[in-house]
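# Examination of the molecular architecture
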Amino acid sequence: MRTFRYERGTDPGQAVTLVAGEPDAAYLGGGTNLVDLMKLGVARPRLLVDVTRLPLDSVEPLPDGGLRIGATVRNSDLAAHPTVRRDYPVLARALLAGASGQLRNMATVGGNLLQRTRCYYFQDVSRPCNKREPGAGCSALDGQNRDLAILGWSPQCVATHPSDMAVALTALDAVVEVLEPTGAREIPLTGFHRLPGERPDQETTMEPGGLVTAVRIPALPYARRSTYRKARDRASFAFAAGSVAAAIDLDGPLVREVRLGYGAVAHRPWRARLAEEALRGQPATEENFRLAADEELAAARPLAHNAFKIPLIRNLTVRTLVELTEGSEQAEGSAAPERGR
Ligand SMILES: Cc1cc2nc3c(=O)[nH]c(=O)nc-3n(C[C@H](O)[C@H](O)[C@H](O)COP(=O)(O)OP(=O)(O)OC[C@H]3O[C@@H](n4cnc5c(N)ncnc54)[C@H](O)[C@@H]3O)c2cc1C
Ligand code: SF4
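Basis of the calculations
Residues numbered from 1 in each chain as written. Chains lettered and ligands numbered in written order. Predicted model: local features only at pLDDT ≥ 70, side-chain atom pairs only at ≥ 80, totals over all residues. Heavy atoms only, no water. Salt bridge = Lys/Arg side-chain N within 4 Å of Asp/Glu carboxyl O. Buried < 20%, exposed > 50% of the residue type's maximum accessible area, 1.4 Å probe, protein only. Helix = DSSP H or I, 4+ residues; strand = E, 2+ residues; numbered from the N terminus. Lys, Arg positive; Asp, Glu negative; His and termini not counted. Polar contact = N/O pair within 3.5 Å; in protein donor to acceptor, adjacent residues only side chain to side chain. Contact = heavy atoms within 4.5 Å. Pairing = 2+ DSSP bridges. Axes fitted to C-alpha atoms, helices over the stretch in contact; angles between N-to-C directions. Core = buried A, V, L, I, M, F, W, Y, C linked by side-chain atoms within 4.5 Å. UniProt positions renumbered as here; feature names shortened; annotations may be inferred. Near = heavy atom within 4 Å. Areas by Shrake-Rupley, 256 points an atom, 1.4 Å probe, with all protein chains shown as cover.

## Observations regarding the pattern of salt bridges
- This model, assessed by the stated rule, comprises 27 salt bridges.
- Note that Arg86 and Asp87 form a salt bridge whose closest N and O atoms lie 2.8 Å from each other.
- For Arg86, a relative accessible area of 42% puts it in the partly exposed group.
- Residue Arg314 pairs with Asp294 through a salt bridge whose shortest N-O separation is 2.6 Å. Taken together, the residues Arg314 in helix 11 (residues 309–325) and Asp294 in helix 10 (residues 286–297) connect sequence positions 20 residues apart.
- Look at Arg314 and you get partly exposed, because its relative accessible area is 23%.
- The exposure class of Asp294 is partly exposed, given its relative accessible area of 25%.
- What emerges from the salt-bridge pattern is a single network uniting Asp173, Glu257, Arg259, Arg271, Glu276, Glu277 and Arg280.

## Details of the side chain of Lys309
- Relative to the helices and strands, Lys309 is located in helix 11.
- Here Lys309 is buried and forms no salt bridge, its nearest opposite-charge partner Asp147 lying at an N-O distance of 5.7 Å.
- A polar atom in the side chain of Lys309 sits 2.9 Å from the backbone oxygen of Asp147.
- Among the polar contacts made by the side chain of Lys309, one reaches the main-chain carbonyl oxygen of Leu148 at a distance of 3.0 Å.
- Dropping the residues within four chain positions of it, Lys309 is found in contact with Arg146, Asp147, Leu148, Ile150, Thr160, Ala241 and Ala264.

## Thoughts on helix 5 (residues 89–96)
- Most of helix 5 sits inside the fold, with 6 of its 8 residues counted as buried.
- Within helix 5, burial applies to Pro89, Val90, Leu91, Ala92, Ala94 and Leu95.

## Let's talk about the sheet that holds strand 2 (residues 25–28)
- Within the open sheet, the 3 strands sit side by side as 1-3-2. Their pairing is parallel. Lying at the two open borders of the sheet, with one neighbouring strand each, are strand 1 (5–8) and strand 2. Within the sheet, the average angular offset between the axes of one strand and its neighbour, ignoring direction, is 25°.
- By the bridge criterion, 4 bridges tie strand 2 to strand 3 (residues 47–50) in an arrangement that is parallel. Each residue of the ladder has a partner; that of Leu28, found in strand 3, is Asp50.

## Some details on the nonpolar core
- By size, the foremost hydrophobic cluster in this structure holds 51 residues, and its most contacted members are Leu78, Leu91 and Leu169.
- For this core, the element with the most residues is helix 8 (residues 165–171), which contributes 6 residues.
- Once residues lying within four places of it in the same chain are set aside, the contact partners of Leu78 are Val59, Ile69, Val73, Val84, Leu91, Leu95 and Val109.
- Of all hydrophobic cores here, the second largest spans 28 residues; its members include Val244, Ala293, Ile310 and Leu324.

## What to know about the UniProt feature "domain: FAD-binding PCMH-type" (unreviewed entry) in the chain
- As recorded in UniProt, the feature "domain: FAD-binding PCMH-type" (unreviewed entry) lies at residues 1–222.
- Across residues 1–222 one finds 25% helix and 17% strand; the C-alpha atoms that close the span lie 53 Å apart.

## Considering the site of ligand 1
- As a matter of local geometry, ligand 1 sits amid 31 residues, with Tyr27, Thr32, Leu34, Thr108 and Asp164 nearest to it.
- Note that an oxygen atom of ligand 1 is positioned 2.8 Å from one of the backbone N or O atoms of Gly30.
- Protein contact buries 92% of the 980 Å² of open area that ligand 1 shows by itself.
- Only strand 2, helix 2 (34–40), helix 7 (109–114) and strand 8 (211–217) provide two or more residues apiece to the shell around ligand 1.
- Top contributing element to the shell around ligand 1 by residue count: helix 7, with 4 residues.

Given below as structure tokens:
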């Protein structure tokens, strides 16, 4: 049995100092991902610094109308928050699409952002994996890669980021507040997770030992007309085969503004900027939604077993935008989600 020390963080600065002082240390949020990886022998920390009692558990309105969400807010609490449900239904829906009620009661915002890939080979220490051991090779490239990336991958790693919440936050232009050993910093979520390149073991642009302290979402009045659609193998308790987060603002029949995030397609939550650009100023029609998705997906490079993701994401984009734009029923407020099970 491999032993480890457990410490409880009392304030963010002390937690960062504890982690910086031990090369094999990890922050412990709800533990729903990290503890599983420890049992599998994938994560082998010598020190766990529990962050769940840090004073980072509130959701606060910002003067500009946005929201500041503490890193230890539980996924269930965030999904049920009245302002999130009213102003950012895409976020509430994405959270409720993830995991199960019990897991969401434990999972924290920081841990959700930092959760590791579900690539089978990453979780199987008997198989080569560049993410676990740089230079070892990638078993998925010519192996079971049905669930893995179609965009932005490299020959070193074809893994996807598994979070639903992060896809919604990407579309909402969220900003991650971090406390690193060298000080506090803000990182746009679109630049927080890395593409794999030559170093798939480096998953974020945070300094080693960085602590996520909060996530800020700017005001986006038209996000009241937003939603999240996820395709998966089972109706619940399953990671996405593909997902789309969308918010749209109409000017009569035209698209004034639109935000699109794609999930389960890349090493990071994917902001579909080419599709957004293709839609701005265009009539909000099913045909234009399809053409815009095609614009984004032109860069897709499917692996042996996941070419289905291209039509899947295209169809999800179209269905999601049609749902948000057809009829006055879909106007502001009506997209608020039901409470999760
Ligand atoms: C059966 C099952 C099904 C699931 N299905 C889904 C799903 O469909 N969709 C989905 O999105 N997710 C799903 N999940 C994943 C789940 O959402 C994550 O496990 C959870 O969000 C992780 O949060 P946590 O607080 O428990 O993180 P932990 O397990 O505590 O930590 C995860 C990682 O984040 C680091 N970390 C934690 N907090 C911080 C912080 N504040 N700053 C810096 N680093 C930090 C830890 O060191 C660790 O590396 C599923 C999980 C399971 C077990
Ligand atoms: S895809 Fe990435 S995580 Fe999976 S085996 Fe290859 S290197 Fe490892």
